[in-house]
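Structure assessment
Next come the chains, spelled out residue by residue.
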Amino acid sequence: FPSHEDIAIKALARLLNTKDTEITLTRNVTEGINITCFGLPLKAGDEVILSTHEHVGNATPWLNRAKLHGIVIKAIPLGKTAEETLNIVKASITKKTKVIALPHIPCTIGQILPAKEICTLARERGIFSFVDGAHPPGMLQIDLKDIGCDVYAGCCHKWLMGPKGTGFLYVSENFRNTLQVYYGGGGFDTGWDMLSQPPTL
């Protein structure tokens, strides 16, 4: 019989129009953000675009990495319309911009940001795209393939009405080998041998 985790992952994949192999269960959105933030190949001086409307859960991981590794945070305002916001994002990009990490719906104003257009812009410029999806699942019909982001962290305990301590992290199949994994545990391996030197995964 399939496990509860397998059932949940398959259900989320159907809901989000993606493959179940691209979905990981997390405790919450913030855990997904931390996995993304510290798993991206960034170095000192690389710029990350955030907004002035970030939830503390999306702001603090990036600020922590800035403190630890010297990345540069660029906090931009949001426009009154989707078009204005997209233009602000465009104008904020420099040669040092490596990540655009914005909320799909900011917790402050509830405006739906043009996530698809922002992710298209990022892809065209060779920039990593991360979407904080704490609010849309359960409120909007989410099609992650259409949005085209590299990574999307979502929540199951808000508008999906799931229990506390449930979230998900979508990592695009094409992006899987870019995002460095730092967590390991049961179910992480595809077969391993503790007696080999070094142990294999």
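The notes below deal with the structure included here. If you're wondering where the values come from, they're calculated on a predicted model, not measured in any experiment.

A count of helices and strands for the protein gives six helices and seven strands. Along the protein, helices (α) and strands (β) appear in the sequence α-β-α-β-α-β-α-β-α-β-α-β-β when read from the amino end. A globule of 201 residues ought to have a C-alpha radius of gyration of about 17 Å, and the protein, at 17 Å, matches this closely. Along the first, second and third principal axes, the C-alpha set of the protein runs to 55 × 40 × 30 Å. Put simply, the protein has 201 residues, and 45% of those count as buried. Taking all contacts inside the protein whose residues are at least 6 apart in sequence as the whole, residues at least 24 apart take part in 63%. Per element, the accessible surface of the protein, about 11,000 Å² overall, is 57% carbon and sulfur. Of the side chains in the protein, 20 bear a positive and 19 a negative charge, and the two mean positions are spaced by 6 Å.

The next point concerns the side chain of threonine 18. Within the secondary structure layout, threonine 18 lies in the loop between helix H1 (4-16) and strand S1 (23-26). Given a relative accessible area of 13%, threonine 18 falls into the buried group. There is a polar contact of 2.4 Å between the side chain of threonine 18 and the side chain of glutamate 22. Setting aside its immediate chain neighbours within four residues, threonine 18 contacts Ala13, Ile23, Lys145 and Tyr170.

Our focus in this paragraph is unusual backbone geometry. Positive phi, normally seen in glycine, also occurs at asparagine 17, with a value near 55°. On the secondary structure map, asparagine 17 appears in the loop between H1 and S1. Its identity is not glycine, yet methionine 161 carries a phi of approximately 65°, on the positive side.

Okay, the packing of helix H4 (residues 82-92) against helix H5 (residues 115-125) next. To describe two helices that pack against each other, one gives the angle between their axes and the distance between the axes. Close contact between H4 and H5 brings their axes to 10 Å; oriented N to C, the two are set at 20°. Relative to H5, H4 is oriented roughly parallel. Considering the relative orientation of H4 and H5, their crossing is right-handed. On H5, the residues that touch Leu86, Val89 and Lys90 of H4 are Glu117, Ile118 and Leu121. Of the residues contributing to the contact of H4 with H5, the split by class is four nonpolar, no polar and two charged.

Attention now goes to the sheet that holds strand S4 (residues 97-103). As summarised here, the arrangement of the seven strands in space is S1-S7-S6-S5-S4-S2-S3, forming an open sheet in which the pairing is mixed. A strand with exactly one partner marks an edge of an open sheet, and here the two such strands are S1 and strand S3 (72-76). The mean inter-strand angle of the sheet, taken between neighbouring strand axes irrespective of direction, is 20°. One ladder, built from four bridges, connects strand S5 (residues 128-133) with strand S6 (residues 151-155); its direction is parallel. Its bridge partner lying in S6, valine 131 is registered against tyrosine 152.

This next bit is on the side chain of histidine 53. Here histidine 53 lies in the loop between strand S2 (47-51) and helix H3 (56-69). Ignoring anything within four residues of it in the chain, the contact list for histidine 53 reads Leu78, Pro106, Cys107, Thr108 and Ile109.

Summed over all chains, the structure comprises three aromatic pairs. Their ring planes at 70° and their centres at 5.3 Å tell us that phenylalanine 128 and phenylalanine 175 sit as a pair that is edge-to-face. Here phenylalanine 128 is found in strand S5, whereas its partner phenylalanine 175 is found in the segment after strand S7 (167-171), with 47 residues between them in sequence. We note that phenylalanine 128, like phenylalanine 175, is buried. Judged by centre distance (6.3 Å) and plane angle (5°), the rings of tyrosine 152 and phenylalanine 168 are stacked. Taken together, the residues tyrosine 152 in strand S6 and phenylalanine 168 in strand S7 connect sequence positions 16 residues apart. Like tyrosine 152, the residue phenylalanine 168 is buried in the burial classification.

Rules of the game
- Residues numbered from 1 in each chain as written.
- Predicted model: local features only at pLDDT ≥ 70, side-chain atom pairs only at ≥ 80, totals over all residues.
- Heavy atoms only, no water.
- Helix = DSSP H or I, 4+ residues; strand = E, 2+ residues; numbered from the N terminus.
- Rg over C-alpha atoms; globule rule 2.2 N^0.38 Å.
- Buried < 20%, exposed > 50% of the residue type's maximum accessible area, 1.4 Å probe, protein only.
- Contact = heavy atoms within 4.5 Å.
- Areas by Shrake-Rupley, 256 points an atom, 1.4 Å probe, with all protein chains shown as cover.
- Lys, Arg positive; Asp, Glu negative; His and termini not counted.
- Charge placed at Lys NZ, Arg CZ, Asp CG, Glu CD.
- Polar contact = N/O pair within 3.5 Å; in protein donor to acceptor, adjacent residues only side chain to side chain.
- Axes fitted to C-alpha atoms, helices over the stretch in contact; angles between N-to-C directions.
- Parallel < 35°, antiparallel > 145°, perpendicular 65-115°, else oblique.
- Left-handed = near helix turned anticlockwise from the far one by under 90°.
- Nonpolar A, V, L, I, M, F, W, Y, C, P; charged D, E, K, R; others polar.
- Pairing = 2+ DSSP bridges.
- Phe/Tyr/Trp six-rings, centres within 6.5 Å; stacked < 30°, edge-to-face > 60°.

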